[in-house]
Amino acid sequence: LLAAGPLLQAQDKDAAPAMEATEVAAVLPIGENTERVYLVAVSKLNLVYLKVKGSLNQKRQLRAEVDAIYFYEPLPFKEALHLYESRDYEGAKAAFAACQESYKFLDTLPGNYSTLAAFYQIECARQLEDYAGMMELLGEFQSGPLAPKTHHQQLDLCPLWDAVGKKDWSRALTLVGERLGGDKTWTNGQLAQLYYCQGLALENTGEESKALDVYNKAFTVDYAASARIARNAVIGCLRIYRNMEGVKRAIAQWGTEEENRTSAGFAALQEAVALCDLWKRAPGSGQALPEEYSALLKYKAE
């Protein structure tokens, strides 16, 4: 739904022409009807468009007369999104950057693909755990034209991930508390992020028991879609279990006369084994459980 045509200069002196002769297909109200048109430039007052792809006959519409524009998804953006959903975050980040530049002439219009591409660059940096790069992109981001409410909420989680990257656990706990204690309705994927970051902060401030509870929430609330979060949350739980003195004692006493199958340590060991089994069915997503934890499977009670 993108078409390359001759570079068309807008007649408005303040209009920015399309980058690389790109035309963007959109549904625009024309008079009493709506028509599929090809936007080529935007000014403070007007939208400049073509009725026929590749035509030299430019038309214009007053922005004040337009309540909403529906954009067709451009093919380059669709390809960038495919890379993102395939977890090729490096490739997706570069592809989204190219999209942002190509559609920059539309970036004052609500729901435009330049702004959306810029949002996904921030998400790529987060997925790559480049939190400094994420915050740099966030500082340059103009969120006004970003349409989906859930995307705005995702941006509100960036400071939390920044705190995690800096291992500022006290700040992370404060930010989680503010977000979970507010009136926002978070998506399951966003809740998984909140719980996981909370689990990390609790684990690193000596609150292992509380950390286990929220790690469990992190990998159950959205385990199918938030696979990386689910995996990391399971590993967080296993890391805590393996370091418990009771679990170490249960392993050391396994198969000996001192073995006590009614102890808290033995129960915790079996919980860890159950998580290792769970890894095979869901959170692992085909990835091998690290050997240091898969060794726990030999302590599965009959």
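Everything below is about the structure printed above this text.
As the structure is a computational prediction, the values presented were derived from the model and not from experiment.

Chemist: Even after reading the chapter, I still don't get the environment of Thr262, so can you show me in this structure?
Modeler: As for its position among the elements, Thr262 is in the loop between helix 11 (245-252) and helix 12 (264-281). In this structure the side chain of Thr262 is engaged in a polar contact, spanning 2.6 Å, whose partner is the side chain of Asn260.

Chemist: How should I be thinking about the packing of helix 1 (residues 75-85) against helix 3 (residues 113-127) in this particular structure?
Modeler: As a packed pair, helix 1 and helix 3 sit with axes 11 Å apart at the nearest point and diverge in direction by 15°. Looking at the two axes, helix 1 sits roughly parallel to helix 3. Crossing geometry of helix 1 relative to helix 3 is assigned as left-handed. Across from Phe77, Leu81 and Tyr84 in helix 1, the residues of helix 3 making contact are Tyr113, Leu116, Ala117, Tyr120, Glu123, Cys124 and Gln127. Of the residues contributing to the contact of helix 1 with helix 3, the split by class is eight nonpolar, one polar and one charged.

Chemist: Teacher, can you tell me more about the environment of Arg261 here?
Modeler: Mapped onto the secondary structure, Arg261 falls in the loop between helix 11 and helix 12. The class for Arg261 is partly exposed, based on a relative accessible area of 42%. Linking Arg261 and Gln154, residues 107 residues apart in sequence, is a C-alpha distance of 45 Å. Once residues within four sequence positions are removed from consideration, Arg261 is found in contact with Trp254, Phe266, Ala301 and Glu302.

Cut-offs and rules
- Along every chain, residues carry numbers that run from 1 in the direction the sequence is written.
- Owing to the predicted nature of the model, reporting of local features is limited to residues with pLDDT of at least 70; listing and counting of side-chain atom pairs is limited to 80 or more, with chain, interface and lining totals taken over all residues.
- Hydrogens and water are ignored here; the side-chain numbers use all heavy atoms of the structure.
- Put simply, DSSP marks the helices as runs of H or I at least four residues long and the strands as runs of E at least two long, and each gets a number from the N terminus on.
- N or O atoms closer than or at 3.5 Å make up a polar contact, with two conditions inside protein: a donor-capable atom paired with an acceptor-capable one, and, for residues adjacent in sequence, both atoms drawn from side chains.
- The convention used is that axes are lines fitted to C-alpha atoms, helices contributing only their stretch in contact, and that angles between N-to-C directions extend from 0 to 180 degrees.
- Note on angle classes: values under 35 degrees are labelled roughly parallel, values over 145 roughly antiparallel, values of 65 to 115 roughly perpendicular, and the remainder oblique.
- Crossing handedness is defined as follows: a turn of the near helix away from the far one that is anticlockwise and smaller than a right angle gives a left-handed crossing, while the clockwise case is right-handed.
- A contact between two residues is defined here by any heavy atoms of the two lying within 4.5 Å.
- Following the grouping adopted for this structure description, the nonpolar residues are Ala, Val, Leu, Ile, Met, Phe, Trp, Tyr, Cys and Pro, the charged ones are Asp, Glu, Lys and Arg, and the polar ones are all others, Gly among them.
- Only protein chains enter the accessibility calculation, which uses a 1.4 Å probe. A residue is then buried if its area is under 20% of the maximum for its type, exposed if over 50%, and partly exposed in between.

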